[in-house]
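Analysis of the macromolecular model
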Amino acid sequence: MSETRSNLLRSTPFRLALTFAFLFLLAFILSGAIVYQLMSASLARQLDQSIKETYSLIAATYAESDEEDLVSTVRDHAQFSQDKDEIFSLTDKDGNRLAGDFTSSLPDGFSMFAADLPGVPPDTEYRAYSGMVGDNNLTVAFSLSETEDLERIVLMSFGWGTLFITVLAIGGGAVLASRVQRRLDGIASTMVDVSHGRLDARIPLIGNGDDIDAVSAQVNAALERLSALVDGMREVSANIAHDLKTPLNRLQMILESAADKTVSGEDVSTELTDARAESQQINSTFDALLRIAQIEAGARKARFVDLDVGPVVETIGDVYADVAEDDGKSLSTTIIPDTKWYIHGDRDLLMQMLANLVENALRHCPPGTAIELSVTRGGSHVLVHVRDNGPGIPAEEREKVFRRLYRLDASRTTPGSGLGLSLVKAVADLHGAAITLEDRNPGLGVTISLPAVRTTVT
Ligand SMILES: Nc1ncnc2c1ncn2[C@@H]1O[C@H](COP(=O)(O)OP(=O)(O)OP(=O)(O)O)[C@@H](O)[C@H]1O
Ligand SMILES: [Mg+2]
């Protein structure tokens, strides 16, 4: 319980709610004080005005006729105010009371005094106005109790308002904080799950699109990528283990037969040649895996320069044209003359990437296949195309062929380890390039879309 309370006090929304409540309260009290002051002043002014009006009204009766009228008017007024809210005093020049509720000895003009009169609470405060009417002194005094009542009501309302605001702010802050806390706890528990290896755990979303939801969605997306990455790594490890088992088994069988032959004194030179070829294959697979890992690590990016893609494509075209011909295939290279296609990259890696694509077309397509190499411009990108009219790659396999050691069933009998396209992908990623595989009916069209630095026509 005490932990919950201390958690609540430490929670950001609760602190925010309290801070705002405090500021609001401060503003409320401040404005209350101003309103109170203004209202008091206005009430006092009104009271003075009423007193003065009553005084003038009474004094006027003397101006019209004689003292008798004045005395009777004061008497009437005094009688009329039964509850002594308004009291009067009329004295002659010797200070003797002629009429009214009390005998005034107040100075001329406005003044305050406390009176003890029968029928009113002791020390009732009055506001009075005194002045001479002829030879007589007339004092009109109004009780302050009405004004004080009003002021008390205003003060009470502000007091209750302050209390309500405080209670509402603390209560509302606590409700809000506990709701947000519950969601934060959800995030924390998801992260605990993830740290325990349950990568499929996701933060529950409310769906109202608020900031917590937005952050949670981002975290979920990151988890999605992380789990895909880990899945991929797991698959890669499993594939590597599986794919290396076959050549290692073969190597073991060769060595066992060599051992048998040695016992019987037979010649083992064929076995040794086979064993060497087998271990070379295993070695080159490891080399390729390490190379891909190295490229993915990104260190080569430091060596990037602005280079023209045209000559790279032409060099590959030249190198492989004869190989293709010997293989009963054709390779044509189309480059728009006098155009330089500058990109930011690594020449050796780009060569390796294109070589892998051309070698794939040579290896996985039947004799008679026409292979085309070309460079075009697509918006802000330089597009390098490697196309053939061989068997192509079925749509459902196009994502998978980029995985390490993945080969189509049809290619299992051809030499290779299924790492060529993984390296292509690693190089493309390093260059910020997209790869698309398309069906050419028949054949495969590979397009590498490299961000262009500039293109110059000479
Ligand atoms: N031009 C192509 N036409 C048809 N299938 C292709 C083509 N290019 C690649 N493939 C298919 O994609 C698979 C993966 O290609 P990848 O280059 O990664 O491996 P590989 O060529 O089999 O081996 P290596 O590691 O020697 O390149 C190939 O095994 C093949 O089945
Ligand atoms: Mg290949």
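Starting afresh in each chain, residues are numbered from 1 along the sequence in its written order. Throughout, the order in which chains and ligands are written sets their labels, letters from A for the former and numbers from 1 for the latter. pLDDT decides what is reported in this predicted model: residues at 70 or higher carry local features, side-chain atom pairs at 80 or more are listed and counted, and totals for whole chains, interfaces and linings draw on all residues regardless. Side-chain numbers come from the whole structure's heavy atoms, not from hydrogens or water.

**Concerning the overall build of the protein**
Rules: Counting from the N terminus, the helices are the DSSP runs of H or I reaching at least four residues and the strands are the DSSP runs of E reaching at least two. In this setup the radius of gyration rests on C-alpha atoms only. A globule is expected at 2.2 Å times the number of residues raised to 0.38. Burial status follows relative accessibility: with a 1.4 Å probe on protein chains alone, a residue under 20% of its type maximum counts as buried, one over 50% as exposed, and anything between as partly exposed. What sets the accessible areas is the Shrake-Rupley method with a 1.4 Å probe; for residues, cover comes only from the shown protein chains. Counted as positive: Lys and Arg. Counted as negative: Asp and Glu, with His and the chain ends omitted from the count. Every charge is mapped to an atom, namely NZ of Lys, CZ of Arg, CG of Asp or CD of Glu.
Along its length, the protein carries nine helices and twelve strands. Relative to its length of 458 residues, the protein is extended, with a C-alpha radius of gyration of 50 Å against a globular reference of 23 Å. Each principal axis of the C-alpha atoms in the protein carries an extent, and together these give about 160 × 65 × 40 Å. Counting only residues that meet the buried cut, the protein has 38% of its 458 residues in that class. Surface accessibility of the protein: about 26400 Å² in total, with carbon and sulfur atoms responsible for 58%. Within the protein, the 64 negative side-chain charges are centred at a point lying 11 Å from the centre of the 41 positive side-chain charges.

**Here's the deal with the site of ligand 1**
Stated formally: One heavy atom within 4 Å of a molecule or strand makes the whole residue count as near it. Here a polar contact is taken to be a pair of N or O atoms separated by no more than 3.5 Å, where protein atoms must pair a possible hydrogen donor with a possible acceptor and residues adjacent in sequence count only if both atoms sit in side chains.
For ligand 1, the set of nearby residues contains 19 residues, the closest of which are R363, H364, R407, S411 and L419. G418 places a polar main-chain atom, nitrogen or oxygen, 2.9 Å from an oxygen atom of ligand 1. Between ligand 1 and L419 there is a distance of 2.7 Å, counted from an oxygen atom to a backbone nitrogen or oxygen. Sorting the residues of the shell around ligand 1 by element identifies α8 (347-364) and α9 (420-430) as the ones contributing at least two each. Tallying contributions element by element places α8 first for the shell around ligand 1, with four residues.

**Structural notes on the packing of aromatic side chains**
Let me state the cut-off plainly: Only Phe, Tyr and Trp rings are paired, with Trp represented by its six-membered ring, and only when their centres lie within 6.5 Å; those with planes under 30 degrees apart are stacked, over 60 edge-to-face, the remainder tilted.
For the structure shown, the criterion picks out six aromatic pairs. Judged by centre distance (4.9 Å) and plane angle (80°), the ring pair of Y55 and Y129 falls under edge-to-face. Within this pair, whereas Y55 is found in helix α2 (residues 12-64), its partner Y129 is found in strand β4 (residues 124-133), the two being separated by 74 residues in sequence. Here the two residues Y55 and Y129 agree in accessibility, since each one is buried. For the pair F102 and F113, a centre-to-centre distance of 5.5 Å together with 25° between the ring planes defines the contact as stacked. Of the two residues, F102 is situated in the loop between β2 (97-100) and β3 (109-115) and F113 in strand β3; the sequence distance between them amounts to eleven residues.

**Here we look at unusual backbone geometry**
Going from N441 to P442, the amide bond is cis rather than trans, its omega being 0°. Along the polypeptide, P442 turns up in the loop between β11 (434-439) and β12 (444-457). The phi angle at D123 is positive, at roughly 55°, despite the residue not being glycine. Mapped onto the secondary structure, D123 falls in the loop between β3 and β4. Unusually for a residue other than glycine, L405 sits at a positive phi of about 65°.

**Overview of the pattern of salt bridges**
Any two side chains of opposite charge can pair, so long as their charged atoms come close to each other. As a reminder, the rule being used: We define a salt bridge as a side-chain nitrogen of Lys or Arg found within 4 Å of a carboxyl oxygen belonging to Asp or Glu.
Under the criterion given, the structure shown has 19 salt bridges. Two residues, R250 and E278, come together in a salt bridge whose shortest N-O distance is 3.0 Å. Linking R250 in helix α5 (residues 211-263) with E278 in helix α6 (residues 269-297), this pair joins segments that are 28 residues apart in sequence. For D346, the salt bridge is made with R300, and the minimal N-O distance between the two is 3.0 Å. Within this pair, whereas D346 is found in the loop between β8 (339-345) and α8, its partner R300 is found in the loop between α6 and β6 (305-308), the two being separated by 46 residues in sequence. Taking relative accessible area as the criterion, D346 reaches 4% and is therefore assigned buried.

**Brief notes about a negative patch on the surface**
Heads up, the condition is: Only residues whose relative accessible area exceeds 30% and that form no salt bridge enter a patch; like-charged residues are grouped when within 9 Å of one another, and nonpolar side chains (Val, Leu, Ile, Met, Phe, Trp, Tyr) when within 5 Å.
The grouping of D66, E67, E68, D69 and D135 at the surface amounts to a negative patch. Its location among the elements puts D135 in the loop between β4 and β5 (136-143). Overall, the relative accessible area of 49% leaves D135 in the partly exposed class.

**Topic: the environment of T262**
With respect to the secondary-structure elements, T262 resides in helix α5. In terms of polar contacts, T262 uses its side chain to reach the backbone carbonyl oxygen of A258, at 2.5 Å.

**Let's talk about the packing of α6 against α9**
The test is simple: Axis geometry follows a simple rule: fit a line to the C-alpha atoms, using only the stretch in contact for helices, then measure angles between N-to-C directions, giving values from 0 to 180 degrees. Angle categories are assigned with fixed cut-offs, so that under 35 degrees is roughly parallel, over 145 is roughly antiparallel, 65 to 115 is roughly perpendicular, and the rest are oblique. A clockwise turn of the near helix away from the far one marks a right-handed crossing, whereas an anticlockwise turn of less than a right angle marks a left-handed crossing. Residue contacts follow a heavy-atom distance rule, with two residues in contact if any of their heavy atoms lie within 4.5 Å. All amino acids are sorted into three groups, where Ala, Val, Leu, Ile, Met, Phe, Trp, Tyr, Cys and Pro are nonpolar, Asp, Glu, Lys and Arg are charged, and the leftover types, Gly among them, are polar.
Here α6 crosses α9 at 15°, and the two axes come no closer than 9 Å. It follows that α6 is roughly parallel to α9 by the angle criterion. α9 is crossed by α6, and the crossing has left-handed handedness. Only S422, L423, A426, V427 and L430 of α9 make contact with α6, whose side of the interface consists of R291, I292, I295 and E296. Split by residue class, the contact of α6 with α9 holds six nonpolar, one polar and two charged.

**So, the side chain of R404**
By the secondary structure assignment, R404 is in the loop between β10 (381-387) and α9. For R404, a relative accessible area of 18% puts it in the buried group. Looking at R404, its side chain comes within polar contact range of the side chain of E296, at 2.6 Å.

**Observations concerning a nonpolar patch on the surface**
The grouping of L16, F20, F22, L23 and L26 at the surface amounts to a nonpolar patch, some 530 Å² of accessible area in total. By the element assignment, L16 lies in helix α2.

**Details of the sheet that holds β2**
Heads up, the condition is: Two strands pair under a simple rule: DSSP has to find at least two bridges between them.
If you walk across this open sheet you meet the five strands as β2-β1-β5-β4-β3, and the pairing is antiparallel. Looking at which strands have only one partner, the edges of the open sheet turn out to be β2 and β3. For this sheet, the mean angle separating the axes of adjacent strands, direction not counted, is 25°.

**What about the nonpolar core?**
To keep it simple, the criterion reads: In this description, a nonpolar core means a group of buried Ala, Val, Leu, Ile, Met, Phe, Trp, Tyr and Cys residues linked to one another through side-chain atoms lying within 4.5 Å. Per the annotation, domain bounds derive from an automatic or database assignment of domains.
If you look at the biggest cluster of nonpolar residues, it comprises 57 residues, and the most contacted ones within it are V309, V313, V358, I435, L437, I448 and L450. Taken domain by domain, the makeup of this core includes at least three residues from each of domain 2 (229-297) and domain 3 (302-457). Aside from chain neighbours lying at most four places away, what touches V309 is W341, I343, V382, V384 and L450.

**Let's talk about the confidence of the model for the protein**
Rule in force here: pLDDT runs from 0 to 100 and stands for how confident the predictor is about each residue.
Residues with a pLDDT of 70 or more make up 98% of the protein, whose mean pLDDT is 90. Ranking the elements of the protein by mean pLDDT puts helix α1 (residues 2-10) last, at 60, and strand β7 (residues 330-334) first, at 97.

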